[in-house]
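Working through the structure, step by step
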Amino acid sequence: MHSPDDDVEAVLAGSRAVVGISVRSLADALESLTLQQYRVLVLICRRGPLRSGALAAAIGVHPSTFTRAVDRLVAAGWVVRQDNPDTRREVLVAPTDTARELVGQVMERRRAQFESVLERMAPEDRALVAAGFARFAEAAGDVDFAEATTLGYDS
């Protein structure tokens with residue numbers, strides 16, 4: 001007999017698979033960056049240049065700690081600091097082309113891994129998975145963008 005516990009276990013198994021794909025897609029990036037640094041890159045690649053304070057708040061760290069993190073990202077060539085064109089008193093953190101390329105590669109790898117899994121399924125099963133995920137996402141509600149970047153998602 002099927003129980004609600006069976007449903008929860010099935011969802012947990014599916015979520016482990018999704019997390020596994022997410023982690024594998026990040027493996028190369030995490031050889032040269034910390035997860036927190038990668039999250040910063042995802043945020044500024046997606047949203048555009050941001051103030052250090054806004055970035056620190058988005059990833060949940062103290063601004064003084066974050067300043068040192070940005071210094072390291074600048075030194076490594078992942079980001080640049082630039083004057084805010086709207087107000088010269090603010091400095092924005094912007095991604096370099098290298099950062100954009102890295103984030104794009106991670107997202108492409110992740111997409112390819114999901115496509116590979118779906119290709120191994122029968123068409124009717126793929127349709128069920130897609131419909132199930134759509135309904136699950138709807139029931140879960142909106143996920144905060146900063147929260148989604150925890151594992152490097154850009155949307």
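Residues numbered from 1 in each chain as written. Predicted model: local features only at pLDDT ≥ 70, side-chain atom pairs only at ≥ 80, totals over all residues. Heavy atoms only, no water.

The subject of this paragraph is the confidence of the model for the protein chain. For residues with low pLDDT, the predicted coordinates do not support detailed interpretation. Summing up the model confidence of the protein chain, the mean pLDDT is 88 and the portion of residues at 70 or higher is 92%. Mean pLDDT per element in the protein chain: helix α7 (residues 145-148) is the minimum at 59, and helix α5 (residues 97-119) is the maximum at 95. (pLDDT = per-residue confidence, 0-100. Helix = DSSP H or I, 4+ residues; strand = E, 2+ residues; numbered from the N terminus.)

With respect to topology, 3 strands assemble into an open sheet ordered β1-β3-β2, the strand pairing being antiparallel. For this open sheet the edge positions go to β1 (50-51) and β2 (79-83), each flanked by a neighbour on one side alone. With 2 bridges joining them, β1 and strand β3 (residues 91-95) adopt antiparallel strand pairing. Note on β3: the bridge partner recorded for L50 is V93. Each of β1, β2 and β3 is contacted by helix α2 (residues 35-47), which is oriented at about 95° to β3, the strand it contacts most. (Pairing = 2+ DSSP bridges. Contact = heavy atoms within 4.5 Å. Axes fitted to C-alpha atoms, helices over the stretch in contact; angles between N-to-C directions.)

In a regular helix each residue adds 1.5 Å, so 13 residues correspond to 18 Å; helix α4 (residues 63-75) covers 18 Å between its end C-alpha atoms and thus fits that length. What α4 keeps buried is the set F66, A69, V70 and L73. Along α4, the residues classed as buried sweep out an arc of 105° about the axis, all on the same side. Where the residues of α4 are buried, they touch α2, α3 (52-59), β2 and β3. Looking one or two residues beyond α4, the residue adopting positive phi is G77, at roughly 85°. (Expected span 1.5 Å × (residues − 1). Buried < 20%, exposed > 50% of the residue type's maximum accessible area, 1.4 Å probe, protein only. Arc of directions from axis to C-beta.)

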